[in-house]
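Listed below, chain by chain, are the residues.
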Amino acid sequence: MQVSDLVAAARAGDRRATARLITAVENSTADAPEVARLATGGDALIIGVTGSPGVGKSTLVSALITAWRESSLRVGVLAVDPSSPFSGGAILGDRVRMADHALDPGVYIRSVATRGHLGGLAATTGAAVRLLEGVGFDVVIVETVGVGQAEVEIAALADTTLLLLAPGMGDGIQAVKAGVVEIADVYVVNKADRPGADGTVRDLRALMSLVRREPGEWRQPICSTVASEAKGIDDLVAAITKHRDWLAGGDHLADKRRRRAEAEIRARVDAELRRRYTVPEALAEQVANGETDVATAVGRVLGDTA
Ligand SMILES: Nc1nc2c(ncn2[C@@H]2O[C@H](COP(=O)(O)OP(=O)(O)OP(=O)(O)O)[C@@H](O)[C@H]2O)c(=O)[nH]1
């Protein structure tokens, strides 16, 4: 099939065509440049969802999909697994939300692996986000488990980042420690049916009252949800819409988009440099032995293989 036919099919809701296009950009196949050229345009709402394992990200994403489908929006989900070298959807096969939305052509769900890919999340996921937006998805959700660098990178990709917490998991404190709180645009206290939820909301409020904000700056709302019963989802969708309106009201959205493009280009440039400039083992050996110094070795790597 021609790339143009695949793009047309993907726009019409053919999920296999969408899958083939993402695979092409992910693997930088010979078709990738044409795919990137044709599958362009669109204006998706890009949502990042992050939080510790077990807080209910998958369940919440499933409930959000249902809400947006009720408004006939097409929803794409990229589930990023920073620890897995596998890609293509197999990991999510048994997940609840797959079963819930498996027959709906307006929903596309895929897992994205970043381990072993040069450039990390920004390079691999950035291209897939762009593709989904380009074939007409109205909402693209990027979900990742809250570990290490991934959640900071996800915030760079997304227009609106949701940070999920759950009562009784010490999440509030963990989040502060990791500095994650700053990357969130909307806090979600999920599992609000569990004891301690009010306390988690209170802790967050107290924490936020310490942050000084300029007039006109975004104040992160705190939404309480019971994702497993689809409770609080309407309020959460409203908070997301409000953030989008705030972004669109100033230069914020354009700024975010530019920074996203910059992060994606940067990641790809870094990956390309790593591919071009390899460090020969013998050279490392020489530095380790004291025969050569590091600066000289760097000169050799750059000079020898440029
Ligand atoms: N009581 C309660 N349980 C919930 C709620 N939301 C999700 N759960 C349950 O919490 C467990 C974990 O939910 P997941 O959605 O798999 O959590 P996750 O954050 O995606 O987990 P990882 O994939 O491990 O990162 C499941 O058993 C859900 O049914 C909720 O609002 N209340």
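Each remark here, short or long, concerns the structure printed above.
Below, the structure is looked at part by part. Values in this document were obtained by computation on a predicted structure and should not be read as measured data.

Look at helix α10 (residues 233–249) against helix α11 (residues 252–276): their axes get within 5 Å of each other, and the N-to-C directions meet at 90°. By the angle between their directions, the pair α10 and α11 is classed as roughly perpendicular. Of the residues in α11, those in contact with Arg244, Trp246, Leu247 and Ala248 of α10 are His252, Leu253, Lys256 and Arg257. Across the contact of α10 with α11, the residue classes break down as 4 nonpolar, 1 polar and 3 charged.

A separate point is the site of the ligand. Around the ligand, the surrounding shell holds 17 residues, and the nearest of these are Lys57, Ser58, Thr59, Asp193 and Ala227. Here an oxygen atom of the ligand sits 2.5 Å away from a polar atom, N or O, in the side chain of Thr59. Within the complex, the protein chains bury 69% of what would otherwise be the 650 Å² of accessible surface of the ligand. Per-element accounting of the shell around the ligand gives the leading share, 3 residues, to helix α4 (residues 57–70). Of the residues that constitute the shell around the ligand, the class distribution is 5 nonpolar, 7 polar and 5 charged.

Here we take up the sheet that holds strand β5 (residues 160–165). Across the sheet, which stays open at both edges, the 7 strands sit in the order β3-β2-β4-β1-β5-β6-β7 with parallel pairing between neighbours. Pairing within the sheet leaves two strands with one partner each, and these edge strands are β3 (107–113) and β7 (222–224). Shown here is a sheet whose adjacent strand axes are inclined to one another by a mean of 20°, direction ignored. As paired strands, strand β2 (residues 75–81) and β3 are joined by 7 bridges and run parallel to one another. In the strand pairing of β3, Val80 is matched with Val112.

Conventions used here
The residue numbering used here restarts from 1 in each chain and proceeds along that chain's sequence as written. The model is predicted, so local features are restricted to residues of pLDDT at least 70 and side-chain atom pairs to those at 80 or more, both for listing and for counting; the totals for chains, interfaces and linings are taken over all residues. Based on all heavy atoms of the structure, the side-chain values leave hydrogens and waters out of the count. Only the stretch in contact is used when fitting a helix axis, every axis being a line fitted to C-alpha atoms; angles between N-to-C directions are given from 0 to 180 degrees. Note on conventions: DSSP H or I runs of at least 4 residues are helices, E runs of at least 2 residues are strands, and numbering of each starts at the N terminus. Angles are sorted into four bins: roughly parallel if under 35 degrees, roughly antiparallel if over 145, roughly perpendicular if 65 to 115, and oblique for all others. We call two residues in contact whenever any of their non-hydrogen atoms come within 4.5 Å of each other. Residues are sorted three ways: Asp, Glu, Lys and Arg are charged, Ala, Val, Leu, Ile, Met, Phe, Trp, Tyr, Cys and Pro are nonpolar, and all the rest, Gly among them, are polar. A single heavy atom is enough: if one lies within 4 Å of a molecule or strand, its residue is considered near that molecule or strand. Any pair of N or O atoms that falls within 3.5 Å is considered a polar contact. Within protein, one atom must be able to donate a hydrogen and the other to accept it, and sequence-neighbouring residues count only if both atoms are side-chain atoms. Exposure was quantified through the Shrake-Rupley algorithm and a 1.4 Å probe, taking into account, for residues, occlusion by the shown protein chains and nothing else. Note: two strands are recorded as paired if DSSP finds a minimum of 2 bridges between them.

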